[in-house]
Amino acid sequence: MKKVLSGMRPTGKLHLGHYLGVIKNWLQLQEKYECKFFIADWHALTNKYKNTEDLKENIRQMMIDWLSCGIDPEKATLFIQSGVKEHAELALLFSMITPKSWLELNPSYKDLKFNLYYQYLKDFLAGKQVKILLTPPPESFEEAVSKATGKQKSKIFEEYLREAFHRAFYSQKGIDFKYLKEVLIKLGIQKKIVEEAVKNLEEGDVGKDIDTLGFLAYPVLQAADILIYKADAVPVGEDQLPHIELTREIARRFNNLYDSIFPEPEAMLTEESRLPGIDGRKMSKSYNNAIYLSDSSETVEKKVLEMKTDPQRVRRTDPGNPEVCIVFQYHRIFTPEDTVKEIDTKCRKAEIGCVECKKILAENLNNFLNPIREKRKEIEKNLPEYEKKFMEGTEKARAIASETMLQVRKAMKLWEF
Ligand code: SF4
């Protein structure tokens, strides 16, 4: 049977986005394959090493979330990464054979840095009340720069700011701060503000938290996580594909250098959840816009009532457009099809009000979450018993990992203890 491995970093309680993007898929996988699902607590340290006081509680919450959703320790092996020290040993040995450039070129490492720097720049400019409006929309970036005076649209400005930053960030020489400065000034931002922003980026703390060996090398640890169990397949989102490729390259390199121990795992492409948060942005704890699996029915109702709807629909008598409404995106997932069709028609004819529509959604969301809540209550009452399942899973995983490490040490001709 195909061996599948997947993990999640314990960074807090799970929300609907996690459910749709990961858990739902795992529920199907555990029925078909030999699955191992692990809580990747060492990976959580790669950028959260300063605040570890929540780590244990986050691991506990993750166990409860998984089990209450139906992830079943009788069907899949559930374990905690740091309970299998062999992952660290294999990661160390892999780090000896992994060229540094493979990691530095890893796109997700660069992208994460890019996003941190860009977000900082945006927040900084917003704090200085910098708004430049571009109108009419320019044909090209160069045209935008040359036209960047007068009253123009801020959204387009943001787009071009991102492009400018992208060009500066991905230049051959690393981050080209000089170019970034020039472009921001051309966009009409005061020189003083630009200089302060760029100086902060150059010399400040932005992104420093991930300037560690651990963060740079986390794909090596990931390769060890996967290969130590000789997994055949790893469910991943598109953004994780380069990591799987790196794992395959490390496996190939090891097999060529020493002995053919590792299979090259394949990526099982899974679709990322497109469910937005209640404000329309990506659902995320940091945006405070998520609906959690552990939210009470009252909290869910309150959050749904806060959701953004069609912005053009101001009065109850205005016809709405469900295509641009966040509430409707949720209906598509959590409301029975007939009702979705009915809401679609009624919204367009102004035959249903947004409050009524949201109440229907809240009820359906609660119908979906109720069994999860029930199971959660039961687990919380007998937590040690359920924690034990993870300890047993960890033992089971360790037995397999030790077996692989015996082969690895032998292949590498290391001292045998
Ligand atoms: S009626 Fe429903 S779908 Fe239509 S705009 Fe209001 S909340 Fe959105």
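The rules behind each value
Each chain has its residues counted from 1, following the order in which its sequence is written. Per-residue local features are limited, in this predicted model, to residues with pLDDT of at least 70; the limit for side-chain atom pairs, both in listing and counting, is 80 or more; totals at the level of whole chains, interfaces and linings are taken over all residues. For the side-chain quantities, the full set of heavy atoms in the structure was used; hydrogens and water were omitted. Counting from the N terminus, the helices are the DSSP runs of H or I reaching at least four residues and the strands are the DSSP runs of E reaching at least two. We call a residue buried when its accessible area falls under 20% of the maximum for its residue type, exposed when it is over 50%, and partly exposed in between, using a 1.4 Å probe and counting protein chains only. Note on contacts: a residue pair qualifies if any of its non-hydrogen atoms lie within 4.5 Å across the two residues. Where accessible areas are quoted, they stem from the Shrake-Rupley method and a 1.4 Å probe; at the residue level, only the protein chains shown are allowed to cover. Counted as a polar contact is a pair of N or O atoms within 3.5 Å, where, for protein atoms, one must be capable of donating a hydrogen and the other of accepting one, and residues adjacent in sequence contribute only when both atoms are in side chains. Residues are called lining when one of their atoms sits within 4 Å of a cavity or pocket point, these points coming from a 1 Å grid over the protein atoms alone, where a cavity is a set in which a 1.4 Å probe fits but cannot get out and a pocket is an open set with protein on both sides within 12 Å along at least five of seven lines. Grid points are joined across faces, edges and corners, and a volume is the space filled by probe spheres set on the points. Residues are labelled near a given molecule or strand when at least one of their non-hydrogen atoms is within 4 Å of it. For a cavity or pocket, the test is whether more than half of a molecule's atoms lie within 2 Å of its grid points; if they do, the molecule sits there. By this rule, a helix spans an expected 1.5 Å times one less than how many residues it contains. As used here, the arc is the angular range of directions from the helix axis to the C-beta atoms. In the scheme used here, Gly and all other residues not listed as nonpolar or charged are polar, with Ala, Val, Leu, Ile, Met, Phe, Trp, Tyr, Cys and Pro taken as nonpolar and Asp, Glu, Lys and Arg as charged. Each aromatic pair joins two rings of Phe, Tyr and Trp (for Trp, the six-membered one) with centres within 6.5 Å, and gets the label stacked for planes under 30 degrees apart, edge-to-face for over 60, and tilted for any other angle. Two limits define a charge over a ring: the Lys NZ or Arg CZ must be within 6 Å of the ring centre, and within 35 degrees of the ring normal. We define the nonpolar core as a collection of buried residues of types Ala, Val, Leu, Ile, Met, Phe, Trp, Tyr and Cys that are connected through side-chain atoms lying within 4.5 Å of one another. For each domain, the first and last residues come from an automatic or database assignment. To count toward a patch, a residue needs a relative accessible area over 30% and no salt bridge; like charges are then connected within 9 Å, while nonpolar side chains (Val, Leu, Ile, Met, Phe, Trp, Tyr) are connected within 5 Å. Each reported salt bridge corresponds to a side-chain nitrogen of Lys or Arg within 4 Å of a carboxyl oxygen of Asp or Glu. Positive charges are assigned to Lys and Arg, negative charges to Asp and Glu, while His and the chain termini are left out of the count. By convention, the charge on Lys lies at NZ, on Arg at CZ, on Asp at CG and on Glu at CD. Between the N-to-C directions of two axes lies an angle of 0 to 180 degrees, each axis being a line fitted to C-alpha atoms and, for a helix, fitted only over the stretch in contact. Angular relationships are summarised with four words: roughly parallel below 35 degrees, roughly antiparallel beyond 145, roughly perpendicular across 65 to 115, and oblique for the angles in between. The handedness criterion is simple: a crossing whose near helix is rotated anticlockwise from the far helix by less than a right angle is left-handed, and one whose near helix is rotated clockwise is right-handed.

Q: Honestly, the overall build of the chain in this entry has me stumped. Any pointers?
A: Each helix and strand in the chain was counted, giving 18 helices and 5 strands. Burial status across the chain gives 47% buried among its 417 residues. Considering only intrachain contacts with a sequence separation of at least 6, the fraction spanning at least 24 residues in the chain is 75%. Entry remark: accessible area of the chain is about 22200 Å², with carbon and sulfur atoms responsible for 51%.

Q: Would you mind going over the side chain of His331 with me for this structure?
A: Mapped onto the fold, His331 is located in helix α15 (residues 326-334). Polar contacts involving the side chain of His331 include one to the side chain of Thr335, which spans 2.7 Å.

Q: I would appreciate a short explanation of empty space enclosed by the protein in the present structure.
A: It is the rolling of a water-molecule-sized probe over the atoms that shows where space remains empty. Under the counting rule described, the total for this entry stands at 1 cavity of 30 Å³ or more. There is about 110 Å³ of room inside the largest cavity. Lining the largest cavity we find 13 residues, and of these Arg313, Cys325, Cys347, Cys354 and Cys357 sit closest to its centre. Secondary-structure elements contributing two or more residues to the lining of the largest cavity are α15, α16 (337-348) and α17 (354-381). By residue number, the principal contributor to the lining of the largest cavity is α17, which donates 3 residues.

Q: Is there a simple way to explain the site of the ligand in this structure?
A: Within the structure, the ligand sits among Thr309, Asp310, Arg313, Cys325, Val327, Phe328, Cys347, Ile352, Cys354 and Cys357. Cavity membership is defined here by more than half of the atoms lying within 2 Å of grid points; on that basis the ligand lies in the largest cavity. Broken down by secondary-structure element, the contributors of at least two residues to the shell around the ligand are α15 and α17.

Q: Is there a simple way to think about helix α4 (residues 86-97) in this case?
A: Owing to its 3.6 residues per turn, the α-helix brings residues three or four apart onto one side. In this model, α4 (12 residues) spans 17 Å end to end at C-alpha, consistent with the 16 Å of a helix rising 1.5 Å per residue. Among the residues of α4, Glu86, His87, Leu90, Ala91, Leu93, Phe94 and Ile97 are the ones counted as buried. For α4, the arc enclosing every buried residue in end-on projection is 165°, short of the 170-degree limit, so these residues lie on one face. For α4, the secondary structure elements touched by its buried residues are α2 (41-48), β3 (76-80), α12 (218-227), α13 (241-257) and α18 (383-411).

Q: Explain the layout of surface pockets here, please?
A: Of the voids in this model, the second largest pocket is the one considered here, and its volume is about 340 Å³. Ala91, Ser95, Leu213, Ala217 and Val220 are, among the 15 residues lining the second largest pocket, the residues nearest its centre. The greatest single-element share of the lining of the second largest pocket, amounting to 4 residues, is contributed by α4. Among the residues making up the lining of the second largest pocket, the classes are represented as 11 nonpolar, 3 polar and 1 charged.

Q: Help me understand the packing of aromatic side chains in this model?
A: The geometry of an aromatic ring pair is captured by two quantities: the separation of the ring centres and the angle between the planes. One pass over the structure, following the stated rule, counts 13 aromatic pairs. Considering the side-chain rings of Trp26 and Phe37, the 4.1 Å spacing of their centres and the 5° angle between planes classify their relative orientation as stacked. With Trp26 in helix α1 (residues 16-32) and Phe37 in strand β2 (residues 34-39), the pair connects residues that are 11 residues apart, well separated along the chain. Of the two residues, Trp26 and Phe37, both sit in the buried class. Judged by centre distance (5.1 Å) and plane angle (70°), the rings of Phe254 and Phe262 are edge-to-face. With respect to class, Phe254 is no different from Phe262; both count as buried. A connected cluster of aromatic rings, assembled from ring pairs, spans Tyr19, Tyr330, Phe334 and Phe368. Across the ring face of Tyr292, the terminal group of Lys13 is positioned such that the distance to the ring centre comes to 4.5 Å.

Q: Is there a simple way to think about the nonpolar core in this case?
A: General note: in soluble globular proteins, nonpolar side chains tend to be found buried as a group. In this structure, Leu16, Ile23, Trp66, Ile291, Met307, Tyr330 and Leu365 are the most contacted members of the largest nonpolar core, which totals 58 residues. The element contributing the most residues to this core is helix α3 (residues 55-69), with 8 residues. Domain assignment of the residues forming this core places at least three in each of domain 1 (3-98 + 217-275 + 384-411) and domain 3 (295-381). Setting aside residues no more than four positions away along its own chain, Trp66 makes contact with Met8, Leu14, Ile23, Trp26, Phe37, Phe38, Ile39, Ile71, Leu78 and Phe390. Leu103, Ala231, Ala401 and Val408 belong to the second-largest nonpolar core, a separate cluster that totals 40 residues.

Q: Even after reading the chapter, I still don't get unusual backbone geometry, so can you show me in this structure?
A: Most peptide bonds take the trans configuration, and most residues that are not glycine carry a negative phi. The phi torsion at Ala350 lies on the positive side, around 55°, for a residue other than glycine. Residue placement: Ala350 occurs in the loop between α16 and α17. Note on Ala350: relative accessible area 14%, which makes it buried. Of note in the backbone geometry, Lys413 takes a positive phi value of approximately 60° without being a glycine. You can see Lys413 is positioned in the segment after α18.

Q: Would you mind going over the environment of Asp318 with me for this structure?
A: Tracing the backbone shows Asp318 in the loop between α14 (297-306) and α15. With residues up to four places along the chain from it excluded, the contact list for Asp318 reads Gln312, Arg313 and Ala350.

Q: What should I look at first to understand α14 in this one?
A: When α14 is considered as a whole, its buried residues turn out to be Val300, Lys303 and Val304. Around the axis of α14, the buried residues are gathered within 100° of arc, so they sit on the same side. Facing away from the buried side of α14, by more than 90 degrees, are the exposed residues Glu298 and Lys302.

Q: Help me out: how do you make sense of a positive patch on the surface in this one?
A: A cluster of like positive charges, contributed by Arg9, Lys13, Lys48 and Lys285, occupies part of the molecular surface. Mapped onto the fold, Lys13 is located in the loop between β1 (3-8) and α1. Take Lys13: its relative accessible area is 39%, and that puts it in the partly exposed class.

Q: What's the story with the packing of α4 against α18 in this structure? I'm lost.
A: When two helices pack together, their arrangement is given by the angle between the helix axes and the distance between those axes. Running from N to C, α4 and α18 cross one another at 30°; their axes reach a closest spacing of 9 Å. The orientation of α4 with respect to α18, classified from their angle, is roughly parallel. Here the hand of the crossing between α4 and α18 comes out left-handed. Two secondary-structure elements touch here, α4 through Glu86, Glu89, Leu90 and Leu93 and α18 through Arg398, Ala401, Ser402, Met405, Val408 and Arg409. Looking at the contact of α4 with α18 residue by residue, the class counts come to 5 nonpolar, 1 polar and 4 charged.

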